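Secondary and tertiary structure notes
Each chain, letter by letter, is given below.
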Amino acid sequence: MDIRHLRYFVTVGDKGSITRAAEELGMEQPPLSQQIRQLEQKLGVQLFERQTRGVTLTEIGATLMPRARAILELQHQFMLTAEGMARGEVGHIRLGLAGAVPLLPVIPLAIRAFRDIAPDVTLSMEESNTPALCAALHETSTDIAIIRPPVPDPARLSVSHLLDEPTVIALPRGHRLTNEPVIRLDMVADEPLIIFPRELGPGFHDAILSAYQMAGVTPKLGQQAPQIAGTVPLVAAGFGVSVVPRSLCQIHTGGVTFHTISDPAPRATLAVAIRAGQNTPIVSKFVKILRTHCRKWEKLSPEEQFPAAEY
């Protein structure tokens, strides 16, 4: 049965006249009458009582009418959903975020911009480390991941650069260098360096150690933090100092001061990763908005990037 038969049936029922229904449908009256008769023959029932002026539903026709409307509404919703998905405005995105990424102001700004143009997209987020997020992409349990490169097994992923976030050094409050706005890494060479395990973010981990080496010193490794953001509470507890992305200045522990690092200063690089060949409209639209916002954010001054930060 052609879906058009149901549309003809509903329109004739609503108008109570084949002539008026034909006008509504933009067709001639004889072909519409023929289509209604074909539908009745196909179903083996009479849907309308023909009268001198118009038609009325039979008891069977009245029973079938709500079901016909429901089918047409399902078809309408099907088309709307398909068209919305084709535009990247309907669907579900599972977003993975590497450690401390949610604290970077540009990320929630980009998410909000996406939701403004695609309010019907369901967005779920999960924070983890880069290797786990890449594994989730491979397993298709995550659609997009904002990670700290490099990534394990990059052949099956499409990875593109987002931004290079400046870093700061976190000192316990009352430290001898608390009043120094800018600190060289060799000035804290004897301080225990609180750092996260390399497997959680090898790129950022190696960038920190490389910056120490470029400053002509070897860091004294201290307590390991379970994640990047976990370094700040350990600094507050007096376990040592730590080099962290500038966005962590927003963590107010009360026992930490943040200071600009004199060059050579490491950068906390972020990238966006998706599965290779994954070019669905909804994913492409989100990634495009994310990249655009990150490019604009990098051009801002530190005060504009982190208006409430103190370092």
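It should be emphasised that the depicted structure is a prediction, and the values quoted were computed from it without experimental measurement. (Residues numbered from 1 in each chain as written. Predicted model: local features only at pLDDT ≥ 70, side-chain atom pairs only at ≥ 80, totals over all residues. Heavy atoms only, no water.)

From N to C terminus, the protein includes 10 helices and 12 strands. Computed over the C-alpha atoms, the radius of gyration of the protein is 31 Å, more than 25% above the 19 Å expected from 2.2 N^0.38 for a compact globule of 311 residues. By residue count, 44% of the 311 residues in the protein fall in the buried class. Within the protein, contacts between residues at least 6 apart in sequence are counted, and of these 72% link residues at least 24 apart. Total accessible area computed for the protein in this model is approximately 15,900 Å², and 52% of it derives from carbon and sulfur atoms. Here the protein holds 30 positive side-chain charges and 31 negative ones, and the gap between their average locations is 6 Å. (Helix = DSSP H or I, 4+ residues; strand = E, 2+ residues; numbered from the N terminus. Rg over C-alpha atoms; globule rule 2.2 N^0.38 Å. Buried < 20%, exposed > 50% of the residue type's maximum accessible area, 1.4 Å probe, protein only. Contact = heavy atoms within 4.5 Å. Areas by Shrake-Rupley, 256 points an atom, 1.4 Å probe, with all protein chains shown as cover. Lys, Arg positive; Asp, Glu negative; His and termini not counted. Charge placed at Lys NZ, Arg CZ, Asp CG, Glu CD.)

Here the focus is the packing of helix H5 (residues 106-117) against helix H9 (residues 281-298). Packing of H5 against H9 brings their axes to within 9 Å, and their N-to-C directions diverge by 135 degrees. For the element pair H5 / H9, the angle class is oblique. As for the relative orientation of H5 and H9, their crossing is right-handed in sense. Side by side, H5 and H9 meet where Val 106, Ile 107, Leu 109, Ala 110, Ile 111, Ala 113, Phe 114 and Ile 117 of the first sit next to Ile 282, Lys 285, Phe 286, Ile 289, Leu 290, His 293, Cys 294 and Trp 297 of the second. (Axes fitted to C-alpha atoms, helices over the stretch in contact; angles between N-to-C directions. Parallel < 35°, antiparallel > 145°, perpendicular 65-115°, else oblique. Left-handed = near helix turned anticlockwise from the far one by under 90°.)

This next bit is on the pairing of strand E8 (residues 192-195). In this structure, E8 lies alongside strand E9 (residues 220-224), joined through 3 bridges in parallel fashion. Residue Leu 193 lies in a different strand from E9, and its bridge partner there is Leu 221. A crossover links E8 with its parallel partner E9, the connecting element being helix H7 (residues 202-214), and its sense is right-handed. (Pairing = 2+ DSSP bridges. Right-handed = clockwise from strand over helix to strand, strands pointing away.)

Moving on: the environment of Val 182. One can find Val 182 in strand E7 (residues 182-183). With 13 residues separating them in the primary sequence, Val 182 and Ile 169 have C-alpha atoms 9.2 Å apart. Sequence-distant contacts of Val 182, defined by excluding residues within four places in its chain, comprise Thr 260, Ile 261 and Ser 262.

Turning next to the environment of Ala 86. Topologically, Ala 86 is positioned in helix H4 (residues 59-86). Separated by 107 residues in sequence, Ala 86 and Leu 193 have C-alpha atoms that sit 50 Å apart.

Counting buried positions along strand E6 (residues 157-172) yields 12 of 16 residues, so the element is predominantly enclosed. Here 9 bridges tie E6 to strand E12 (residues 267-275), and the two strands are oriented antiparallel to one another. Pairing of Leu 157 across the sheet is with Arg 275, part of E12. Sheet topology places E6 next to strand E10 (residues 242-245); 4 bridges connect them, and they run antiparallel. Considered in E10, the bridge of Thr 167 is made with Pro 245. Bridge count for E6 against strand E11 (residues 256-261) is 5 bridges, and the pairing is antiparallel. Bridge pairing in E11 links Leu 171 to Thr 257.

In this section: a positive patch on the surface. A contiguous patch of positive charge on the surface is contributed by Arg 291, Arg 295, Lys 296 and Lys 299. Looking at where Lys 296 falls in the secondary structure, it is placed in helix H9. Using a relative accessible area of 56% as the deciding quantity, one classes Lys 296 as exposed. (Patch = residues over 30% accessible without salt bridge, like charges linked within 9 Å, V, L, I, M, F, W, Y side chains within 5 Å. Salt bridge = Lys/Arg side-chain N within 4 Å of Asp/Glu carboxyl O.)

In this structure, Ile 93, Leu 95, Ile 107, Ile 144, Ile 146 and Leu 290 are the most contacted members of the largest nonpolar core, which totals 40 residues. For this core, the secondary structure elements donating two or more residues are strand E3 (90-97), H5, strand E4 (120-127), helix H6 (130-138), strand E5 (144-147), E6, E12 and H9. Ranked by the residues each element gives to this core, the list is headed by H9, at 8 residues. When sequence neighbours within four positions are dropped, the list of residues in contact with Leu 95 reads Ile 111, Leu 123, Ser 124, Met 125, Glu 126, Thr 142, Ile 144, Ile 146 and Phe 286. Counting 35 residues, the second largest nonpolar core, distinct from the first, contains Ala 100, Val 168, Ala 189 and Val 217. (Core = buried A, V, L, I, M, F, W, Y, C linked by side-chain atoms within 4.5 Å.)

Omega for the bond connecting Pro 149 with Pro 150 falls within 30 degrees of zero, at 5 degrees, which places this linkage in the cis form. One can find Pro 150 in the loop between E5 and E6. The residue after Asp 263, namely Pro 264, is reached through a cis peptide bond having omega 5 degrees. Structurally, the position occupied by Pro 264 is in the loop between E11 and E12. In the Ramachandran plot, Ala 100 falls in the positive-phi region, its phi being about 70 degrees despite a non-glycine side chain.

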